[in-house]
Amino acid sequence: MSRGLVVDAAPQQRARQALRAAERLSRAVVEGLEEGVIVLDPRLRPVSWNVSALRILGVSADEIAAADARDLLFARDTLRYDSGKSLSAQDNPAQRALRQGAPVRATLRRAMPNGSERWITILARPIGGAHGTNRRGVVATVADVTGSVEGAQRLREERDRAQRYLEVASTLVVVLDAAGCVELVNRQGCELLGYSEHELVGRDWHETVIPPGDRPEARAAFQQLLAGEEPPPERAETFLLTKGGEERKIAWRNALVRDARGTVTSVLSSGEDVTERRRAEAQVAYLAHHDRLTGLPNRALLEEQLQRDLARARRTGGAVALVQVGLDNFKLVNDSLGHGAGDAVLRETAQRVAELTRAGDVIARQGGDEFMLLLDCGAEDAQVVAQLAGDRIMEALEQPFAVAGAEFHIGAAIGIALFPGHANNAESLFKHADMAMHQAKRAGGGTVAFYERGASEARDRLSLTSRLRRAIESDELRLHFQPIYRVEDGQLVAVEALVRWEDPEHGLVPPAGFIPVAEETGLIEGIGTWVVEALCKQAARWAKEGFRPRLCFNLSPRQLRQPDLVASIAQAIARYELPAGQFCAELTESAVMSDERRDSSLLDELHAAGLAIAIDDFGSGHSSLARLRDLPVQVLKVDRSFLRRVPEDPGSTAIVAAVLELGAALGMTTVVEGVEHPEQLALLRRHGAPLAQGFLLGRPVPAEQLDRSPARVTA
Ligand code: C2E
Ligand code: MG
Ligand code: MG
C-alpha cells in the first residue's frame, strides 16, 4: 500500500511541477508581448497584468494592484471614443463585454497621468460561460495605436483641405476614372459647364462635354494617358461643350493617380478656361498681320505667304510674281482734302484691287500709298499673268475716285518682279519689285514696268556666278526628263533633257534662275558640256534596258559661238557608243535667226554629225519662214504661249492649226509644247498634231521617275 501511496504521490507532484512550468512559460510569453494584457475578475478588479499593460496605460504595478479597475483603467472621464464622446461607466468596454458575454473592441483616447493623450485600442473578452452565467472575469488586451490613428487623421484632414482647395480653386478640376467617367468635379467645373455636380458625377466625360467631332481624338488621348505610354503632355488644349451648347477652350494640366501597385486608376485634370485669352491672342495676331485701315494683310503676312509660295514654286517648278502698286497724286489728296479723304482713297483702292484678284492671290498694303499683289502663277507663264494683272489694276485705278463730294483722278505706277526670272529669294523679289515700281514712276504715270537688271545688282550676280561655278564643280546640277508623246497613239517617242540646279541654299533652281546669268558669264559652256555628258550616260543606261527614245537637249545662243561645240558633243556620243541620230538639239528661234548673220555652219555641222535639229519656242520670235525652209531643221516646237488660250480663244486656235499645217508643209515634225488641259489635247488630235509635250502628259522628272508607258491621250 505504502508503496502504492508512494507510487500515487509521484505523478501528482510531477503534474504540479508541469503545471508550474507551464504557468511560468505562459507568464514569460505574456510578459514578452508588445501588447498589454490585463486579467480582471468579475468585479473588474485587476488580478494579473503584464509590463506592457503598465507601460501602455502609464501606471505603476502598485497603482494597478490597488486600483478599482473601472476607475483606474476605464474611468469615464479619461475614456472617449474617436468622436470625442465621453463614455458612461456602463460603456466601459470591459464591463460591456462582461454584460454581453462577447468580445468588445474600442479605440479610445486616454488622458495619461503625465497629462499627455494617447490612442488605445482595447479588446475585452469575457472569460468563462458563454451564456452570461458563471463568468469568471475579463481578459483585456490593450495596444497604443496613437501613431496610426493620428496618421489616418492627418490623411483625412489633408483630404478635407484638398476638397476645400478644389472648391475655392479658380480652375476647373475633374477626376476621371479609368473608364472615363467623372469621379469628382469641383464647383468651378460645374459652373463653367452649366451642369450640377450630380449631373456629371458617374457620367461618361467625353460623351457629355466633349464636342462630338473631337471625341475620337479626345478618347484616344485619354487612353494614351492611362496607358502611361507617354508622359502626359504638360499642357493640352481642348474644347468643352457646355450644357447650353457653348464651346469653351480649356488648357489642361493632367496628373495620373496610381494605386499602391503603380497601376493608373484615374486621371486628375485641372483646366483653365482660356477662351477669352485665345480670342484676344488671335485678335492681336490678326492686328499684327493686317492693316487697320483697309483690313488687308500687311507686309509681314505677305512675306510669310511669299516664303510659302516660293518654296512650292521651287518644288514644282512653278513661278511667282510680285506686283508693287504705288499711287500717284496721293499726297495731293491727303494735303488738299484731309486725312479722312486720304483714308477713303486707300480703302477704295484696296477694294478695287481686291476685286481683281483670283483665288490664291494675296493683296497686301505695304504702308503709305503702296500696295502689293502676290501672284502664284503655278505653271502659267508668270510674265503674261503679271502683265495682265498689272494692266487690269492700272485700268481700275485710272477710273475716277469720288470722295468727299469731289471727283478726281489718281494714277498709279506698277512694278513687277518675277521668280525665278528676276530673283531667287523673297528679299530680292521685294527689292526688285520696288526698283521696278520706281522705274515705272520715272517713266511717267500709268506705267507697268518689269524689273530690269541694273548696275546695283552687279554684286548679287557676282555671288550667283561664283556659286554657279561651284555648282558645276561640286556636282549640284541635275538632269530632269520630260516625255514627248505621239498624239495619235500616246507612245512615248522622245524625252527632253532639262537642267536643274540643286542649290544647297535655295533648293531646286529652275533654268530661268541661272541660265541667263550662265549665258552672260560664259558658264553656260561648262553647263552645256555637263548636260550632254549626263544625257549620254543616262541614254547608255536606257539603251541597255532596250529603251531608246529620241533624246532632245537645249542649246542656248551663247553655246552656238563655242568653236568646238559640235566636236565635243559628237565625241561624247561616240564615247557612250550611241547613235547620233538618236539626238536632237533644240535651238531657240532667235538663236537660229541670229546665226543667220554669221553663216549657218553650226547648224550644218550638227546636221553633218547626224543630229536632228529642232527650233524651240517657235512663234515667240520673228522667224523668216523663207529662211526656215532652207535650214537643216527637222523639228518645230510650237511655243507654249500659243496653246495658253486654246480652246477658248478662236484666234489662238486658228494660229495653232496654221502652224501645224505649216510644219507639215515644210516636212517637219511638229511638237506642241505646254499641253495642260484635255481640251487642248483633243484639239491637237483633231488637227493632226504629230507630237505633244506638257504637264498634262508628263512633267519633267528625274530619270528614275520617268513613266515609259503610253500616255492616255483619249481625253
Ligand atoms: P524649253 O526648252 O522650251 O523647255 C520647256 C519648258 O517648258 C521647260 O521648262 C518645261 O518644264 C516647261 N513645260 C513643259 N510642259 C509644260 C506645260 O505643260 N506647261 C508649262 N507652263 N510649262 C511646261 P524649264 O525646265 O523651266 O526650262 C525652261 C527653259 O530653260 C527651257 O525651255 C530651255 O530653254 C532652258 N533650258 C532647260 N535646260 C537647259 C539646258 O540644259 N541647256 C540650256 N542651254 N537651256 C536649258
Ligand atoms: Mg527645249
Ligand atoms: Mg520650248
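Model, not experiment: these values are computed from the prediction.

Novice: Let's hear about the packing of helix α19 (residues 524–544) against helix α20 (residues 565–575): which residues, and what values?
Specialist: As a packed pair, α19 and α20 sit with axes 9 Å apart at the nearest point and diverge in direction by 20°. Viewed along their axes, α19 and α20 adopt a mutual orientation that is roughly parallel. Pair α19 / α20 crosses with right-handed handedness. Where α19 approaches α20, its residues V532, E533 and C536 are matched on the opposing element by I569, A572, I573 and R575. By residue class, the composition of the contact of α19 with α20 is five nonpolar, no polar and two charged.

Novice: Explain the coordination of the magnesium ion (ligand 3) to me, using residue names and the numbers behind them.
Specialist: Distances from the magnesium ion (ligand 3) to its protein donors, D616 (OD), D617 (OD), E673 (OE) and E673 (OE), fall at 2.2 to 2.5 Å. The sequence pattern describing where the donors of the magnesium ion (ligand 3) fall on their chain is D-D-x55-E. The distance between the magnesium ion (ligand 3) and the magnesium ion (ligand 2) comes to 4.0 Å, with D616 serving as a donor to both metals. Residue D616 is classed as buried on the basis of its relative accessible area of 6%.

Novice: Give a detailed account of the sheet that holds strand β7 (residues 172–177), specifying residues and quantitative values.
Specialist: Pairing is antiparallel across the open sheet formed by five strands, whose spatial order is β8-β7-β11-β10-β9. The open sheet has two edge strands, β8 (182–185) and β9 (236–241), and neither has a second partner. Taken pair by pair, the neighbouring strands of this sheet meet at an average axis angle of 35°, ignoring direction. Of the pairings in the sheet, the one linking β9 to strand β10 (residues 247–258) comprises six bridges and is antiparallel in character. Looking at β10, one finds that F239 is bridged to K249.

Novice: Account for helix α12 (residues 299–316), with residues named and values stated.
Specialist: The end-to-end C-alpha distance of α12 is 25 Å, a good match for the 26 Å that 18 residues give at a rise of 1.5 Å each. For α12, the full list of buried residues reads L302, L306, D309, L310, A313 and R314. On an axial view of α12, the arc spanned by its buried residues comes to 135°, and they lie on one face. In the core, the buried residues of α12 are packed alongside β12 (319–327), β13 (362–367), β14 (370–378), β17 (412–419), α16 (426–442) and β21 (507–509). By the N-cap criterion, in which a side-chain oxygen at the helix start approaches the backbone nitrogen of a residue two or three places on, α12 is capped by N298, the distance to A300 being 3.2 Å.

About the criteria used
Residues numbered from 1 in each chain as written. Chains lettered and ligands numbered in written order. Predicted model: local features only at pLDDT ≥ 70, side-chain atom pairs only at ≥ 80, totals over all residues. Heavy atoms only, no water. Axes fitted to C-alpha atoms, helices over the stretch in contact; angles between N-to-C directions. Helix = DSSP H or I, 4+ residues; strand = E, 2+ residues; numbered from the N terminus. Parallel < 35°, antiparallel > 145°, perpendicular 65-115°, else oblique. Left-handed = near helix turned anticlockwise from the far one by under 90°. Contact = heavy atoms within 4.5 Å. Nonpolar A, V, L, I, M, F, W, Y, C, P; charged D, E, K, R; others polar. Donors = N, O, S within 2.8 Å, 3.2 Å for Na, K, Ca; no water. Buried < 20%, exposed > 50% of the residue type's maximum accessible area, 1.4 Å probe, protein only. Pairing = 2+ DSSP bridges. Expected span 1.5 Å × (residues − 1). Arc of directions from axis to C-beta. Polar contact = N/O pair within 3.5 Å; in protein donor to acceptor, adjacent residues only side chain to side chain.

In short, geometric facts, not functional conclusions.
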